[in-house]
Structure formats: structure tokens, C-alpha cells
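Secondary and tertiary structure notes
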Amino acid sequence: MKTTRSIGYWSSVWKEFKEDKLALTGLLIIVLLFCIAIFDNFLAGNKPLMLRWNGNLYFPVLFKYKEFYGVDFGSLEKKFEKGEDTYR
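Residues numbered from 1 in each chain as written. Predicted model: local features only at pLDDT ≥ 70, side-chain atom pairs only at ≥ 80, totals over all residues. Heavy atoms only, no water.

Regarding the overall build of the protein chain
Check the secondary structure of the protein chain and you find 4 helices and 2 strands. Along the protein chain, helices (α) and strands (β) appear in the sequence α-α-α-β-β-α when read from the amino end. Going through the 88 residues of the protein chain one by one, you find that 11% of them count as buried. Intrachain contacts of the protein chain at a sequence separation of at least 6 include 19% that bridge at least 24 residues. (Helix = DSSP H or I, 4+ residues; strand = E, 2+ residues; numbered from the N terminus. Buried < 20%, exposed > 50% of the residue type's maximum accessible area, 1.4 Å probe, protein only. Contact = heavy atoms within 4.5 Å.)

Remarks on the confidence of the model for the protein chain
Across the protein chain, the average pLDDT comes to 79, with 77% of residues at or above 70. By mean pLDDT, the top-scoring element of the protein chain is helix α2 (residues 21-38) (94), and the lowest-scoring one is helix α4 (residues 73-82) (66). (pLDDT = per-residue confidence, 0-100.)

Thoughts on the packing of aromatic side chains
Following the criterion strictly, the structure yields 2 aromatic pairs and no others. Seen in terms of ring centroids, tyrosine 9 and tryptophan 10 are 5.0 Å apart; in terms of plane orientation they differ by 75°. Their pairing is edge-to-face. Residue classification places tryptophan 10 among the exposed residues on the basis of a relative accessible area of 67%. When the centroid spacing of 5.6 Å and the interplanar angle of 25° are considered together, the rings of tryptophan 14 and phenylalanine 17 count as stacked. Linking tryptophan 14 with phenylalanine 17, this pair stays in helix α1 (residues 9-19), spanning 3 residues, or about one helical turn. (Phe/Tyr/Trp six-rings, centres within 6.5 Å; stacked < 30°, edge-to-face > 60°.)

Observations regarding the environment of phenylalanine 68
Its place among the elements puts phenylalanine 68 in the loop between β2 (56-58) and α4. Phenylalanine 68 gets classed as buried once you look at its relative accessible area, which sits at 10%. Distance in space between the C-alpha atoms of phenylalanine 68 and tyrosine 58 is 10.0 Å, their sequence separation being 10 residues.

Quick look at the packing of α1 against α2
Closest axis-to-axis distance for the α1/α2 pair is 5 Å, and the angle between their directions is 95°. Between α1 and α2, the angle is such that the two are roughly perpendicular. Contacts from Phe17, Lys18 and Glu19 of α1 reach α2 at Lys21, Ala23, Leu24 and Leu27. Across the contact of α1 with α2, the residue classes break down as 4 nonpolar, no polar and 3 charged. (Axes fitted to C-alpha atoms, helices over the stretch in contact; angles between N-to-C directions. Parallel < 35°, antiparallel > 145°, perpendicular 65-115°, else oblique. Nonpolar A, V, L, I, M, F, W, Y, C, P; charged D, E, K, R; others polar.)

This is the structure we're talking about:
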């Protein structure tokens with residue numbers, strides 16, 4: 001006696017979904033927007049990715065440091081352009 005195995009509900013839904021090109025395009029756009037939302041600090045944040053400060057190396061995008069609470073990195077960049085090497 002030969003037994004047949006059913007394909008399953010979600011397998012059949014995915015098979016039909018893959019055939020619909022517009023649905024796949026929509027899913028791709030949603031996944032792309034989700035990835036952009038996750039990595040928004042890296043793409044358009046106001047914090048630097050890496051910062052060398054007083055001989056130490058910091059990564060303000062990834063971690064929060066007590067030394068930088070309330071620091072406006074835009075004004076900090078202007079101080080560096082003027083040649084000031086310490087923040088007060």
C-alpha cells in the first residue's frame with residue numbers, strides 16, 4: 001500500500017505566492033524598507049560611526065557612553081574644524 005503525503009497549507013500558500021510577481025515585488029520592497037529602518041543610525045544618524053577622543057576609541061552609534069550624554073556632535077565637529085582638540 002502506497003501512502004501519499006499532503007503538501008501542507010503553508011507550502012501551498014508559498015507556492016502560489018511565488019507565482020505572483022507583483023506580490024513578490026511588494027515583499028521585496030517591504031523587506032528593503034525594514035532593513036533601512038533597522039540600520040537608520042548607520043545611514044543617516046547624527047552620531048559618528050567611530051570617534052577618537054582623548055586617545056580613546058569610541059563607537060557612539062553602537063554604544064552609549066556617559067562621556068557623550070547631551071553632546072551635540074554637530075557642534076563638536078565645528079570645534080575640531082577650528083583646531084580645538086578638547087570638548088568642554
